[in-house]
Amino acid sequence: MRNRRSRGPVATRLVAVRTVLTAWLSRPLASFHLVLALSGLLTVIGIVMVLSASSPASGAGGHVYELFGKHVMYVAVGAVVFWVGLRVRLRLIRQMAPVLLLLSVGMLALVLSPMGTVAFGAQRSFAFGPVSVQPVEVAKLALALWGAHILVSKSTLLHQWRHLLVPLVPVALVMFALVIAQPDLGSTVSLGVVLLALLWFAGAPKRLFAIVAGAAALGVAVLAVVAPYRLARVMSFLNPDADPQGTGWQATQAMFALADGGLFGAGLGQGASKWQYLPNVHHDFIFALIGEELGLIGAAVVIGLYAAVAIVGLRVAARNLDPWIRIVAGTLTVWLVGQAGINIGYVVGLLPITGIPLPMISYGGTSLVTTMFVFGVLANCARHEPEAVAALRNQGPGKFGRLLRLPAPEPYRPQSRRKATSRTGGQRGGSPAKKAPTTAQRRRGPGSHTGRQARSTAYSRSGRRGRP
């Protein structure tokens, strides 16, 4: 009896919390507010952790806050780009997707020319003074937007393999080849995640993914054997203790940092791994510093935020009616969460080291600015949910919308309705099209029940007119 009585209030509170949470999630703009909150939290965590991680590296070459100042500058640029992705109409973004794709492919080819700069053994960026630009980050976004446009435009033909794969897969293979030539295997894997997500949300058959997975595994194995440094990474992943002072140094030091953090961490700014023990800690291995300074609880919070991004992003994709928005929202979500999973996976020793940054948290650059634009597009997609469209068009943009001058989202109209509206002139110009008689009405002819009812109605009306 005591256990039942003690569990009664707890169960009541849980039910109350679930009821409040369900009511809040059923609000029209819940997805939009969640995207804003998640992007803001990840940005703040990134600023704090970069400040902690970059001070030793900055002090070795100049001012102690040099890298942190650059990161803040990238965040400021990313905030502007986030607003652009949120405010620009999705119809215009879709129209500009082919142009963005051509631009990104041209930049990937141009970075292999003498104009490109070499960093960490790869020629994958352009240098404009102290700022470097990596075209592969723009290429990921371009492939997601353009691929969704192509798949939606050929939606009635996707049951045929050649229409499903062409021209999406050949264009993606060209981008893969240009990125591998840099060489940058990690970004190639990210592009592959974007391609698979596009095919998945377009409804491709499952056997296609088995074929692609087998081909990808074979390709990665061949690339690892051909390049000695890639083979060294794979061997250090299989046995990091074989060469702890050489190829296994980063993996071993990352595990030491996570172990030193324990449950609650050593304290913010008190991590020892950033003092030249763990190279590039402010970029690729910042999750190891999170585990060291904030402990298991801090690392779990970061993982929970990315899990929330996955849930909210897929919620936005599922609640939209426009097929292009559905594919774009789902693909961008898989790209962000997949990249975070790869980064966290090689930090904790579950995957080989690939050099992929942790989205929104690693030291800024093209990756941070592009990721913030992706979150802006996701927030824009959230504003196009049917309930959100109705609320924003009937009740106004609200305080946040007025502050950012966000336009009211356009309601979704299927393609067939758009064509019919353009033929008849719509409701403003021209009369609405008359409904064609059905086959059953044509077969019944004028002597049918419908015809007799119409004649009797006309006769009764004429009789009423003749009465005094």
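Residues numbered from 1 in each chain as written. Predicted model: local features only at pLDDT ≥ 70, side-chain atom pairs only at ≥ 80, totals over all residues. Heavy atoms only, no water.

Draft legend 1. Looking closely at the nonpolar core. Among the nonpolar cores identified, the biggest contains 99 residues, and Trp324 and Leu332 are the most heavily contacted of them. In this structure Leu332 touches Leu141, Ala144, Val374, Val377 and Leu378, once residues within four positions along its chain are discounted. (Core = buried A, V, L, I, M, F, W, Y, C linked by side-chain atoms within 4.5 Å. Buried < 20%, exposed > 50% of the residue type's maximum accessible area, 1.4 Å probe, protein only. Contact = heavy atoms within 4.5 Å.)

Draft legend 2. A look at the pairing of strand β2 (residues 122-128). Summarising the sheet, strand β1 (residues 117-119) and β2 pair through three bridges and their orientation is antiparallel. The residue of β2 that forms the bridge with Ala119 is Ala122. Taken together, β1 and the strand that follows it, β2, pair antiparallel across an intervening segment of two residues, in which Phe120 is found at a positive phi of about 55°. Connecting β2 to the antiparallel partner strand β3 (residues 131-133) that follows it, the hairpin turn spans two residues, and Gly129 within it adopts a positive phi of roughly 70°. (Pairing = 2+ DSSP bridges. Helix = DSSP H or I, 4+ residues; strand = E, 2+ residues; numbered from the N terminus.)

Draft legend 3. Structural context of empty space enclosed by the protein. Inspection of every chain in the model, using the stated rule, returns two cavities of 30 Å³ or more. Reported here for the largest cavity is a volume of approximately 40 Å³. Together, Val35, Leu38, Val309, Val312, Gly313, Phe375 and Leu378 line the largest cavity. Those elements giving two or more residues to the lining of the largest cavity turn out to be α2 (30-61), α12 (286-319) and α14 (366-382). Of the residues belonging to the lining of the largest cavity, the class tally is six nonpolar, one polar and no charged. Quantified by volume, the second largest cavity comes out at close to 40 Å³. Lining of the second largest cavity is provided by Pro357, Leu358, Pro359, Met360, Ser362, Tyr363, Ser367, Leu368 and Thr371. (1 Å grid on protein atoms, 1.4 Å probe; cavity = no way out; pocket = protein on both sides within 12 Å on 5 of 7 lines; lining within 4 Å. Points joined across faces, edges and corners; volume = space filled by probe spheres on them. Nonpolar A, V, L, I, M, F, W, Y, C, P; charged D, E, K, R; others polar.)

Draft legend 4. Layout of the layout of surface pockets. Quantified by volume, the largest pocket comes out at close to 1,400 Å³. Secondary-structure elements contributing two or more residues to the lining of the largest pocket are α3 (66-87), β1, β2, α5 (135-153), α8 (185-201), α9 (206-226), α10 (228-238) and α14. Class assignment for the residues of the lining of the largest pocket results in 22 nonpolar, 17 polar and eight charged.

Draft legend 5. Quick peek at the pattern of salt bridges. In total, this model carries seven salt bridges according to the counting rule given. In this structure, the salt-bridge partner of Glu410 is Arg91, at a minimum N-O distance of 2.5 Å. Residue Glu410 is found in the loop between α16 (398-404) and α17 (415-424), and its partner Arg91 is found in helix α4 (residues 90-110); the two are separated by 319 residues along the sequence. Look at Glu410 and you get partly exposed, because its relative accessible area is 32%. The exposure class of Arg91 is partly exposed, given its relative accessible area of 45%. With a shortest N-O distance of 2.9 Å, Arg319 and Glu385 are connected by a salt bridge. Here Arg319 is found in helix α12, whereas its partner Glu385 is found in the loop between α14 and α15 (386-395), with 66 residues between them in sequence. Since its relative accessible area comes to 26%, Arg319 is described here as partly exposed. Take Glu385: its relative accessible area is 0%, and that puts it in the buried class. Among the charged side chains, a network of salt bridges with common partners joins Arg89, Arg91 and Glu410. (Salt bridge = Lys/Arg side-chain N within 4 Å of Asp/Glu carboxyl O.)

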